[in-house]
Amino acid sequence: MSAILTRIQQQFGEALLQAQGGENETRLTVSPDALRPLCETLRSDPALAFGYIADMTARDTGEQFILWYRLVSMSSLHTLILTVALPRDHPQVVSLADLWPGLNWLERECFDLFGIRFAGHPDQEDPARMRILLPEDWEGFPFRKDYAPVFSGNPLHGPQETN
Amino acid sequence: MSATDRKVNVLLDILISLRSFLKGMWVTATNLVAREKVTLQYPYEKPQVSPRYRGLFYLPFNEKEQRLNCTGCTLCEQACPTKVISMTKLGAGKHGGVSEFNMDLGRCMFCNLCIEACPFDAIYMGSAYELASYDRDASVFRIEDLAQGGKRSVEINIKTISEALAEEEKAKAAKAKAAAEAKSAADAKAASAAEERQAAEKPAASEPAPSASPESPA
Amino acid sequence: MSMQRLHPRSASQAREILIGVVIAALILAALSATPLLPWHLLDPIRAYFYERPLLNNLAKAVLLVSFMAVQCLFLIWMERKFAGWLQARLGPMHVGWKGVLQTFADAIKLLLKEDIIPALADKPMFRLAPYLVFVPAMLTLMVLPFSPNLVGFDYHLGALFALSISTTGALGILAAGWGANNKYSVLGGMRAVAQLLSYEIPMILIVLCVVTLKNTMSLTQIVERQAGLWNIVAHPLLMIPGALIFFSCALAEVYRAPFDLPEAESELVSGFHTEYSGMRFAIFYIAEFANNVFTAGFAAILFFGGWHGPVLPPIAWFTLKTLLLIFLMMWVRWTLPRLRIDQMMSFCWKLLVPASLILFCLTALSVVW
Amino acid sequence: MTLTTTEITSPGMTLNMGPQHPSTHGVLRLVVELDGEIIQSCRPVIGYLHRGLEKMMEARPYRHNVPFTDRLDYLASLNSNLAIAQAIERIGNVTVPERGQYLRVLLCEINRLASHLVFLGTFATDLGATTVFLYSFRERERILDLLEAMTGARLTYNWIRAGGVPTDLPEGFGERLTAFLDEFQFALDEYDRLLTGNRIFRARCEGIGVISREMAVAYGASGPVARGSGIAYDIRKVAPYDVYDRMEFDVPVYTEGDCMARYRVRVEEMRQSARIIRQCLREMPEGETMAKLPKIFKPPPGEAYSRTESPRGELSCYLSSDGSMNPTRVHFRAPSFFHLGLLPAMLPGVKVADVIAILGSLDTVLGEVDR
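Here's what I pulled together on the structure shown here. On a predicted model such as this, the values are computed, not experimentally measured, just so you know.

Listed as interface residues are 36 residues of chain A and, on the opposing side, 36 residues of chain D. Around 3200 Å² of area is buried between chain A and chain D when both sides are counted, 56% of it from carbon and sulfur atoms. Area buried by chain A at its contact with chain D is led by Trp105, Leu133 and Phe143 of chain A, which between them contribute 22% of it. The interface formed by chain A and chain D includes six salt bridges. For Arg371 of chain D, the salt bridge goes to Glu109 of chain A, with nearest N and O atoms at 2.9 Å. At the boundary of chain A with chain D, the tally comes to 22 residue pairs in polar contact (both at pLDDT 80 or more). Of all the secondary structure elements, the ones that give two or more residues to the side of chain A that touches chain D are β2 (25-30), β3 (52-60), β4 (64-72), β5 (79-87) and α3 (103-114) of chain A. Per-element accounting of the side of chain A that touches chain D gives the leading share, eight residues, to β3 of chain A.

Here is the structure:
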């Protein structure tokens, strides 16, 4: 078990739903409530110093949304993978864009494609400003497994009903 | 130039700048005079493509067997990520082939997956690359556009395959007929043998009934 | 295989250069033979025109404009060809021999093109702007002495006239930028005016140096007083830096790289002529090349002795010098990157203006001595 | 009379740069607020090239998804192929034969050369030096010829697959490549003379678009952008894949963080790539190039990700499987996506002309940003 995992477990022992530590990689699963305090520590603790946001994405398992963060510590080059499961009927999680500015667009992308809401995101008020890859007036979240595209009949406008 | 807040020797800076400009101009001048021009006058001069070039597809025509190699197994159809290929099979089994083979190259990514999927060496990419057209329908290439030798080889292909199939059919029919005959003959023989056995249990009845069917006309 | 195709080490390059040299030599020989031609046969026609000054001036104007138009077409072809060769390309090749007629084809295309005026443009200004640029460009050419006899208007304040008229072109560019009602055009127009007016100052100071040295403002006189010794040879300490400053200013005046900010295609799309199409665009283009010819000719007159030169007739010398300077401008254009607007302004105000002032003072001192 | 600035205020101008603008390198739209020529704020708008590739991939078997990655980073499509191929191999526990690994490194580095040459040309063109563009494309054309001889395509190669590389090198490839690299050294020196020392080029690049080390880390910058800001973060070194751990090469790092530093990093990287290519050619063992994947490829349920160093930065692919033929989620970590996210923080205060220089120095490809 790596030193990094030990250190995290000391502080957030009960909040971790699942933890697995390797030589270069640590995998954690946390509940949505514990995400924010955990990440603040990950960012600020000099022994962890996960300052680099390498990736973030979501996926839809059919029952819930899984958020997947990948953080890298620039000092130890250790990778940390954080998994958060969100209920499908109310997919909301706290935004971390103020901790890692690079997350701003990634969170917008997750909203755009999956409809996951990020409380505290700078653009959260306005769905049109949150949309990033899709047109601002798009309806629905296409990367959800139950998204049923309706072909508009116009190949240039894509599979959305338009008037 | 950049704001010179620092104590910079302006004159030196000018000289260095001039030198850097002259250096650059020397490079362009050498390119002007000494370097070969690389333009290819495209519609007049055609570039030579490499042997592995992935251009327009072709279905090789097998001269020896007088048919296309394609057996209509649809492996390429399944291997295509964008559903470019559609085909109509002609028969099945070892003489099977295709009567229609359409490729909608408007969707094609030229990814080579269909060619790698083909176990019969029946589809390849050639070196033709001017595939643009004014008409969307013109991007659909049919078997006569794809087959080596064009329409003629398609006709020969269909003829060869249908002949082979007919032959096979005939052979099968003959075989079936022969089998049926043999069966009936065997039945008759068996019946007669049984009759014989039944009729007289002579110790002299030694000749066993031939179990093999008569020679089929292959 | 294909590597061979892309870099064939054949002799065609050398052959082409050789052919070029031979053609140039033939042209020069033909030009040097022009004094032997029976020019006196034209005397009756000349006399006819001299008797009618109005008709004479009109004919001169028509000749000048058509000469410029043809020369521009040729220059555009030359620039494209030159740029192509410099960039390891062939340049235009399709229309005519080696693409000689390419610009004619382009001109015809532009003439036939639809004339688009943006819906929200300031229409009178938009229509007027090309002419506000074109007319000054042609007027400046009027005072340029192509040879001792061939000068549109031998004005005794020629230098002053040329400088002041060429500056008015800025008005047209601002009008074009503003009238198009396009944000890029406005930025381009503003840049153009700021640049033109700033660079006018060192340019005027350098012209003043020459004027002080030669004690005349007439361009014809300036050339005549350089007989035997060109300015740049006669006063190297003053005139070499002077010529450099003048050349920088000239580049800025005709909006050529590294000073092509008003039409910087990578930032401002196309600057002030973004919205122009068809003939109006062609007029801008011709005006730009006319300005090119003017600045190059002006530099030839001020520093390189105008029409003076051995063997060849004066007109040939003048054309040759102008063409060489234009060639130099092209060479610089296709080599150097573009400056930023504030860098360009500080280059002018912090370097060129003081330098030209110092140079002017030195010239004045040298004359007084 | 005194005039203070409060008395002469004028409203700013909103300028829409793109999506049709010559220097946005594709279809990027920057909504910038201008005060004169100075940027007040900037909001990048992306998504004009969104094709839903990741969604398309969810509906196709793993192997069918590789050709789509050509359309992500179209300037270095072999590197995109590599990202997804590695992810598929990890999720399906496939080992690539050694020669296949060498070939991958070789192809990726050749593609990196091509991609950086495009950067060099477009960056110089953005700054007004159009000639460099044609010179660098002249060299790139030869690289494309080489790649055409190897893969048969000039842009969308699809030649790095899950399991390896489908074919071996063609006849005489090594000699042609070596001959090209010998000449390429001179070409690079030539660009150096033309640009690096040039006073105007330096004035346009030095001190422009500075990304501090902290900012680069926080925004997730990678590749040459991070290395220009003093972060020695190169996936080929920190998490070597294929045979990069056997290669000898340096990671150029500059600490200035400006456009010039990023330019220098890329030029230096080209030399290093040439070094790697030569080593590959020298050390490549004989053998198979591709591992056999089962005809019906069904990886066990789970998730996997790959980390690769594309010319633009850390390109990684996230795959999740539920045990069926098709992945349930494919996600690409596109380096350009993160670099464009830097723009709102970088641009305020610079001039319009610098926007172009900064954008050019980030070397983004909108294909991978919008996916």
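This part is about the pairing of strand β4 (residues 85-90) of chain B. Where β4 of chain B and strand β5 (residues 97-104) of chain B come together, six bridges link them in antiparallel fashion. In the sheet register, Lys89 of chain B faces β5 of chain B, and the bridge partner there is Val98 of chain B.

Taken together, the side chains of Glu125, Asp126, Glu136, Asp137 and Glu139 of chain A present a region of like negative charge at the surface. Relative to the elements of secondary structure, Glu139 of chain A occurs in the segment after α4 (127-130).

Residues and elements named next belong to chain C. One way to put it is that helix α12 (residues 278-303) packs onto helix α13 (residues 314-333) with a least axis distance of 8 Å and a crossing angle of 115 degrees. The chirality of how α12 crosses α13 is right-handed. Contacts from Asn292, Val293, Thr295, Ala296, Gly297, Ala299, Ala300 and Ile301 of α12 reach α13 at Phe318, Lys321, Thr322, Leu325, Ile326 and Met329.

Sorting the four pairs of chains in contact by contact count puts chains A and D at the top. Chain A makes no contact with chain B; the smallest distance between any of their C-alpha atoms is 14 Å. At no point do chain A and chain C touch; the closest pair of C-alpha atoms across them sits 25 Å apart.

So, about the interface of chain D and chain C. Counting from both sides, the interface comprises 41 residues of chain D and, opposite them, 30 residues of chain C. Buried surface at the junction of chain D and chain C, summed over both partners, amounts to about 3100 Å²; 59% is from carbon and sulfur atoms. When residues of chain D are sorted by the area they lose upon contact with chain C, Glu37, Arg142 and Ile200 of chain D head the list and together hold 17% of the total. Asp342 of chain C is paired through a salt bridge with Lys351 of chain D; the nearest N and O atoms lie 3.7 Å apart. For the pair chain D and chain C, the number of links is nine residue pairs in polar contact (both at pLDDT 80 or more). For the side of chain D that touches chain C, the elements supplying multiple residues, two or more each, are β1 (13-17), α4 (98-126), α5 (130-151), α6 (173-196), α7 (199-205) and α14 (352-362) of chain D. In terms of residue count, α5 of chain D provides more of the side of chain D that touches chain C than any other element does, nine residues in total. Here the side of chain D that touches chain C is composed, by residue class, of 19 nonpolar, 11 polar and 11 charged.

On to the sheet that holds strand β6 (residues 327-333) of chain D, then. Strand pairing in a sheet takes place through backbone hydrogen bonds and is either antiparallel or parallel in direction. Residues and elements named next belong to chain D. Overall, antiparallel pairing links the three strands, which are arranged β4-β5-β6 in an open sheet. Bordering the open sheet on either side are β4 (302-310) and β6, each of which pairs with just one other strand. Each neighbouring strand pair of the sheet contributes to a mean axis angle of 10 degrees, computed without reference to strand direction. Two strands pair when backbone bridges link them, and strand β5 (residues 313-321) and β6 are joined in this way by six bridges, in the antiparallel orientation. Across the sheet, Cys317 pairs through a bridge with Phe332, a residue of β6. Strand contacts of helix α3 (residues 77-92): β4, β5 and β6, with the helix running at about 150 degrees to β4, the strand carrying the most contacts.

Looking now at the sheet that holds β2 of chain A. Residue and element names in this part refer to chain A. Taken together, five strands build an open sheet; the order of strands is β1-β2-β5-β4-β3 and the sheet is mixed. At either end of the open sheet lies a strand with only one pairing partner, and these are β1 (16-21) and β3. Going across the sheet, the axis of each strand differs from the next one's by a mean of 15 degrees, ignoring polarity. Direction of pairing for β1 relative to β2: antiparallel, over a ladder of five bridges. For Ala19, the partnering residue across the bridge sits in β2 and is Leu28.

Bringing the nonpolar core into the picture now. If you look at the biggest cluster of nonpolar residues, it comprises 249 residues, and the most contacted ones within it are Leu67, Tyr69 and Leu82 of chain A, Phe246, Phe298 and Phe303 of chain C together with Leu106 of chain D. Tallying contributions element by element places α12 of chain C first for this core, with 15 residues. Met87, Cys108, Ile123 and Met125 of chain B belong to the second-largest nonpolar core, a separate cluster that totals 28 residues.

Definitions and limits used
- Residues numbered from 1 in each chain as written.
- Chains lettered and ligands numbered in written order.
- Predicted model: local features only at pLDDT ≥ 70, side-chain atom pairs only at ≥ 80, totals over all residues.
- Heavy atoms only, no water.
- Contact = heavy atoms within 4.5 Å.
- Buried area = accessible area lost by both parts, 1.4 Å probe.
- Salt bridge = Lys/Arg side-chain N within 4 Å of Asp/Glu carboxyl O.
- Polar contact = N/O pair within 3.5 Å; in protein donor to acceptor, adjacent residues only side chain to side chain.
- Helix = DSSP H or I, 4+ residues; strand = E, 2+ residues; numbered from the N terminus.
- Pairing = 2+ DSSP bridges.
- Patch = residues over 30% accessible without salt bridge, like charges linked within 9 Å, V, L, I, M, F, W, Y side chains within 5 Å.
- Areas by Shrake-Rupley, 256 points an atom, 1.4 Å probe, with all protein chains shown as cover.
- Lys, Arg positive; Asp, Glu negative; His and termini not counted.
- Charge placed at Lys NZ, Arg CZ, Asp CG, Glu CD.
- Axes fitted to C-alpha atoms, helices over the stretch in contact; angles between N-to-C directions.
- Left-handed = near helix turned anticlockwise from the far one by under 90°.
- Nonpolar A, V, L, I, M, F, W, Y, C, P; charged D, E, K, R; others polar.
- Core = buried A, V, L, I, M, F, W, Y, C linked by side-chain atoms within 4.5 Å.
- Buried < 20%, exposed > 50% of the residue type's maximum accessible area, 1.4 Å probe, protein only.

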